[in-house]
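A look at the structure
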Amino acid sequence: MVVDMVKDFVTGSLGGPGARSIVPRLKSLLARARSKGISVVYVCDAHEPGNPELDVWGHHSMKGTEGAEIIEELSPQEGDSVFEKQAFDAFTNPALDEELKQKGVEELVLTGVATNICVQNTAANAFYRGYRLTVVKDCTAARSEEEHREGLKYMESMFGAKVLKADEAL
Ligand SMILES: [Zn+2]
């Protein structure tokens, strides 16, 4: 699962060096995952006016704008799925869980940004829906290294997530 690797979160208004630094490794991880027949699912903010997040974070990843597009380096490939979301937690889009259940998915491998925000909130809901969790620590990032580490620690201790490097996850 690739969380919020859209332009606004990588190169745009909420982007940063952390998000940009994981791109090559994540691209490679996704290619290797596809070659093993592992489903690749993107979840992306596609906000509409009036969303409560906008008061806190400003306008970002607005539905239909360039900022909400997945960055070109990580463009979805044939067979991948893309789900829009309106909240930190991707499972607020019911179509996501429906597709994962249909595919018989039991474990989620989480990548993307931000470790302590959308990745962590998605992990929380996934945990209660019964998915086993792995978080790829060198394919996730946050606004600071400290927030990144806090998010990883939280998911490990609260949800029993495995925290692995990309090579270990594969
Ligand atoms: Zn958002």
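These lines cover the structure that appears in this document, whether it is placed above or below. Since the structure is predicted, the reported quantities are computational estimates derived from the model, not experimental observations.

1. Thoughts on the coordination of the zinc ion
The coordination sphere of the zinc ion contains the protein donors Asp 45 (OD), His 47 (NE2), Glu 53 (OE) and His 60 (NE2), at a distance range of 1.9 to 2.1 Å. Relative to the metal, the 4 donor atoms surrounding the zinc ion lie at angles of 92 to 157°, and the coordination shape comes out irregular. Between consecutive donors of the zinc ion, the numbers of intervening residues give the motif D-x1-H-x5-E-x6-H. Overall, the relative accessible area of 9% leaves Glu 53 in the buried class.

2. Some thoughts on helix 6 (residues 115–128)
The end-to-end C-alpha distance of helix 6 is 18 Å, a good match for the 20 Å that 14 residues give at a rise of 1.5 Å each. Most of helix 6 is tucked away, with 10 of its 14 residues classed as buried. Those residues of helix 6 that sit buried are Thr 115, Asn 116, Ile 117, Cys 118, Val 119, Gln 120, Thr 122, Ala 123, Asn 125 and Ala 126. Where helix 6 is buried, its residues meet strand 1 (2–3), helix 4 (53–57), strand 3 (81–85), strand 4 (107–113), strand 5 (132–141) and helix 7 (145–159). Just beyond helix 6, the residue with positive phi is Gly 130, at close to 95°.

Criteria and thresholds
Residues numbered from 1 in each chain as written. Predicted model: local features only at pLDDT ≥ 70, side-chain atom pairs only at ≥ 80, totals over all residues. Heavy atoms only, no water. Donors = N, O, S within 2.8 Å, 3.2 Å for Na, K, Ca; no water. Tetrahedral: all angles 85-135°; square planar, octahedral: opposite > 155°, others 65-115°. Buried < 20%, exposed > 50% of the residue type's maximum accessible area, 1.4 Å probe, protein only. Helix = DSSP H or I, 4+ residues; strand = E, 2+ residues; numbered from the N terminus. Expected span 1.5 Å × (residues − 1). Contact = heavy atoms within 4.5 Å.

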